[in-house]
Amino acid sequence: MVTTAEGMEFDLVVIGGGPGGYATALYGAAAGLSVAVVEKDKMGGTCLHRGCIPAKEFLETASVYRTVAGSNEFGILADQPTVDFSVSQARKQKIVDQLHKGLVGLMKGRKITSFAGTGTLHPGHRVTIAGADDETTEISGTQVVLASGSVPRTIPGFDADGRIVLTSDEVLDLETLPASVAVIGGGAIGCEFASMLSDLGSEVTVLEALPGLLTGCDADVVSVVARSFRKRGIAVHTGVQVTGHEPSGSGTTVSFGEGQTVTVDAVILSVGRRPLTEGLLAEGTGVEIDPRGFVTVDPYQRTTAEGVWAVGDVVNTPQLAHVGFAEGIVVVKSILGEPVVPVDYGKVPWAIYCQPEVAFAGMTEAAALEAGFEVLVQKDPFGGNSRARIIGETEGLVKVVAEKLPDGKAGRILGVHLAGPWVTEQLGAGYLAVNWEATPDEVAQFVQPHPTLSETFGETVLALTGRGLHIG
Ligand code: NAI
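All figures in this text were calculated on a predicted structure; none of them were measured in a lab.

## Observations regarding the nonpolar core
Membership of the largest hydrophobic core comes to 37 residues, with the highest contact counts inside it found for Met-196, Val-204, Leu-214, Phe-229, Ile-268 and Val-358. Taken together, the elements giving at least two residues each to this core come down to α3 (52–69), β10 (180–184), α6 (188–199), β11 (203–208), α7 (219–231), β16 (266–269) and β20 (357–362). If we skip the residues at most four places from it in the chain, Ile-268 touches Leu-166, Val-171, Val-181, Ala-182, Val-183, Ile-184, Phe-193 and Leu-197. Among the nonpolar cores identified, the runner-up in size contains 21 residues, and Met-8, Phe-10, Val-308 and Val-315 belong to it.

What follows is the structure in structure tokens.
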């Protein structure tokens, strides 16, 4: 039965309550729009429940383990730590639940109406919501935003069973850690899980089809991660095709490359995420889906149907929560007719939380050269940084790529790439430099506090002016 309740017409109806959807809703409500959000699971989406937040919490668990395991160097004499992952799991869940409660409260505070169920867009901006009780409610919005997100991809022969073959969804719910794992895919998710599981004692093998880990990151940054993985005993095979697996006993034997195999307790699939559009659109909405399954949008997030917009992982832009936030803001400003700048996807910040961490914004050196720039490049390792020595984490570097002007001096900063301690928290200055198209001369005037890790960025930029303090 379809119920069309009174007062069920909104300025804005958002389908999907993940970062893209809830940011659109919160920003829209803050601007005075009447807003409804339809969510079939829990408000917060993949990021809060099956992605960024739980994964980073476990990576922090791994960091605590490393700190305790290395404490003797500081004169803090502790026994070799052991892991009770059920406690880690409970802590993670507590944090997720607290954030979920906070988000729900925030939405209520903004008078956003939440509907539980699967939302489907019909012609005329009508949205039906199929709830758990077989009841269907119908609402409508002057504007509708599609924000249904993505799900993990799988590969043929590897059906996720939650026991031997796991996607990120299942890994984040583990109560005990597998003694050995094969991680298929060496992108952001693969490297984060490989790092975390290795630090917590699992034997890890990474199998990546492309020639290197973390495709899209600068080659010097990737080298830092690859070197660290090697030192920590993570086996990395790149340029290999995975051909199948044969379960045996409590584990399975994975075949890859030219007849190579590895026998493990579990396989983790981290081969990308695909947009989730099943059941999202009824016939005749006019919303186009591209051949890869993404909703087609223009730079302002408009779909091919008037008054229908799309944000987040369901569109073919970087699958990052903060990109979803930014896209939501673009949508609301566009609806309100305010001046708006589309998201510049080539300059968004990236933060990958493996050990050592990776963070960057803008072009890699290779991409800048490929785009036809002449470049000046400066690298500064964290090894020379006093704070890095103090905290005992000297792995990594800062690399700045600047345009080379005809007079040989450095022009605009095109890219800032970091690998090392807390770099996900250090990217801010580099991000601003890239997005303001600042030159090293301009950025070098800013004073970095001493002793901090951020001095390495300051030093790198100073060296690009032609005169460094400690380097160049
Ligand atoms: P990804 O696309 O970044 O990496 C997947 C990797 O799997 C690629 O390197 C690909 O070559 C490889 N691959 C694909 N099929 C394969 C096969 N059959 N055998 C071996 N290798 C294969 O996707 P990932 O890591 O799953 O992440 C999904 C999305 O979530 C990405 O857009 C990622 O950027 C984002 N994400 C971002 C994070 C962050 O910024 N901290 C953390 C986690 C995810």
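Moving on, there is more to tell.
## Some points on the sheet that holds β16
Strand order in the open sheet formed by 5 strands is β9-β16-β10-β11-β12, and the pairing between neighbours is parallel. Each having just a single partner strand, β9 (165–167) and β12 (235–238) make up the two edges of the open sheet. On average, each strand axis in the sheet is inclined to that of its neighbour by 20°, with strand direction left out of account. For β9 and β16, the ladder comprises 3 bridges, and the chain directions are parallel. When the bridges of β16 are listed, Val-165 appears paired with Val-267.

## What to know about the site of the ligand
Near the ligand you find 23 residues, and of these Ile-189, Glu-192, Glu-208, Gly-272 and Ala-351 are the closest. At a separation of 3.2 Å, an oxygen atom of the ligand approaches a polar backbone atom of Ala-188. Isolated, the ligand exposes 830 Å² of accessible area, and the fraction of that covered by the protein chains is 78%. Listed by contribution, the elements that provide at least two residues to the shell around the ligand are α6, β11 and β19 (350–352). In terms of residue class, the shell around the ligand is built from 14 nonpolar, 5 polar and 4 charged.

## A closer look at the side chain of Ser-140
Within the secondary structure layout, Ser-140 lies in strand β7 (residues 136–146). With sequence-adjacent residues up to four places away left out, Ser-140 is seen in contact with Met-8, Glu-9, Phe-10, Val-13, His-125 and Arg-126.

## Quick notes on the pairing of strand β2 (residues 9–15)
With respect to burial, β2 is a largely interior element, 5 of its 7 residues being buried. Sheet topology note: the β2/β7 ladder contains 6 bridges and is parallel. Bridge pairing in β7 places Val-13 opposite Val-144. Pairing of β2 with strand β3 (residues 35–39) involves 4 bridges; the strand directions are parallel. Bridge pairing in β3 links Leu-12 to Val-35. Crossover handedness for the path β2 to helix α1 (residues 19–30) to β3: right-handed.

## Quick notes on α7
The terminal C-alpha atoms of α7, which comprises 13 residues, lie 18 Å apart, in line with the 18 Å expected from a rise of 1.5 Å per residue. Among all positions of α7, only Val-221, Val-222, Val-224, Val-225, Ser-228 and Phe-229 are buried. Relative to the axis of α7, the buried residues are bounded by an arc of 155° and lie together on one face. Turned more than 90 degrees from where α7 packs its buried face, Ala-219, Arg-230 and Lys-231 sit exposed. Remark: Gly-233 follows α7 within two positions and exhibits a positive phi of approximately 85°.

## A look at the packing of aromatic side chains
Following the criterion strictly, the structure yields 4 aromatic pairs and no others. Ring plane angle 40° and centroid distance 4.7 Å describe the contact between Phe-58 and Phe-85, whose orientation is recorded as tilted. With Phe-58 in helix α3 and Phe-85 in helix α4 (residues 85–109), this pair connects stretches of sequence that are 27 residues apart. Taking the relative accessible area as the measure of exposure, Phe-58 reaches 0% and is therefore buried.

## Thoughts on the environment of Val-87
Relative to the elements of secondary structure, Val-87 occurs in helix α4. Assessed through its relative accessible area of 52%, Val-87 is described here as exposed.

## A word on the state of the cysteines
The final tally for this structure, using the stated rule, is 0 disulfides. Left unpaired, Cys-52 is separated from the closest cysteine sulfur, that of Cys-47, by 3.2 Å. Cys-191 supplies the cysteine sulfur nearest to Cys-354, a cysteine that is in no disulfide, at a spacing of 5.5 Å.

## Considerations on the sheet that holds strand β14 (residues 251–256)
A sheet is described by the order of its strands in space; here 3 strands give the open sequence β13-β14-β15, paired in antiparallel fashion. Either end of the sheet is taken by a strand with one partner, and the two such strands are β13 (242–248) and β15 (260–264). Geometrically, the sheet is characterised by an average inter-axis angle of 20° between neighbouring strands, direction not taken into account. As paired elements, β13 and β14 share 6 bridges and run antiparallel to each other. The partner of Pro-247 across the bridge, within β14, is Thr-252.

## What to know about the pattern of salt bridges
Under the defined criterion, the tally for this structure stands at 18 salt bridges. Of the charged contacts, one joins Lys-399 and Glu-365 as a salt bridge, the two residues approaching to 2.7 Å between their closest N and O atoms. On the criterion of sequence distance, the pair formed by Lys-399 in strand β22 (residues 397–404) and Glu-365 in helix α9 (residues 365–370) is long-range, its members being 34 residues apart. It is possible to trace a salt-bridge network through shared partners that takes in Asp-218, Asp-220, Glu-365, Lys-379 and Lys-399.

## Quick look at the environment of Ser-386
Mapped onto the fold, Ser-386 is located in helix α10 (residues 386–391). C-alpha of Ser-386 to C-alpha of Lys-399: the two residues are 13 residues apart in sequence and 18 Å apart in space. Apart from residues lying up to four places away in sequence, Ser-386 is in contact with His-450, Pro-451 and Glu-455.

## Quick notes on α3
With 18 residues, α3 extends 25 Å between its outermost C-alpha atoms, agreeing within 8% with the 26 Å of an ideal straight helix rising 1.5 Å per residue. Tucked inside the fold, the buried residues of α3 contact α2 (45–50), α4 and α6.

Analysis parameters
- Residues numbered from 1 in each chain as written.
- Predicted model: local features only at pLDDT ≥ 70, side-chain atom pairs only at ≥ 80, totals over all residues.
- Heavy atoms only, no water.
- Core = buried A, V, L, I, M, F, W, Y, C linked by side-chain atoms within 4.5 Å.
- Buried < 20%, exposed > 50% of the residue type's maximum accessible area, 1.4 Å probe, protein only.
- Helix = DSSP H or I, 4+ residues; strand = E, 2+ residues; numbered from the N terminus.
- Contact = heavy atoms within 4.5 Å.
- Pairing = 2+ DSSP bridges.
- Axes fitted to C-alpha atoms, helices over the stretch in contact; angles between N-to-C directions.
- Near = heavy atom within 4 Å.
- Polar contact = N/O pair within 3.5 Å; in protein donor to acceptor, adjacent residues only side chain to side chain.
- Areas by Shrake-Rupley, 256 points an atom, 1.4 Å probe, with all protein chains shown as cover.
- Nonpolar A, V, L, I, M, F, W, Y, C, P; charged D, E, K, R; others polar.
- Right-handed = clockwise from strand over helix to strand, strands pointing away.
- Expected span 1.5 Å × (residues − 1).
- Arc of directions from axis to C-beta.
- Phe/Tyr/Trp six-rings, centres within 6.5 Å; stacked < 30°, edge-to-face > 60°.
- Disulfide = S-S within 2.5 Å.
- Salt bridge = Lys/Arg side-chain N within 4 Å of Asp/Glu carboxyl O.

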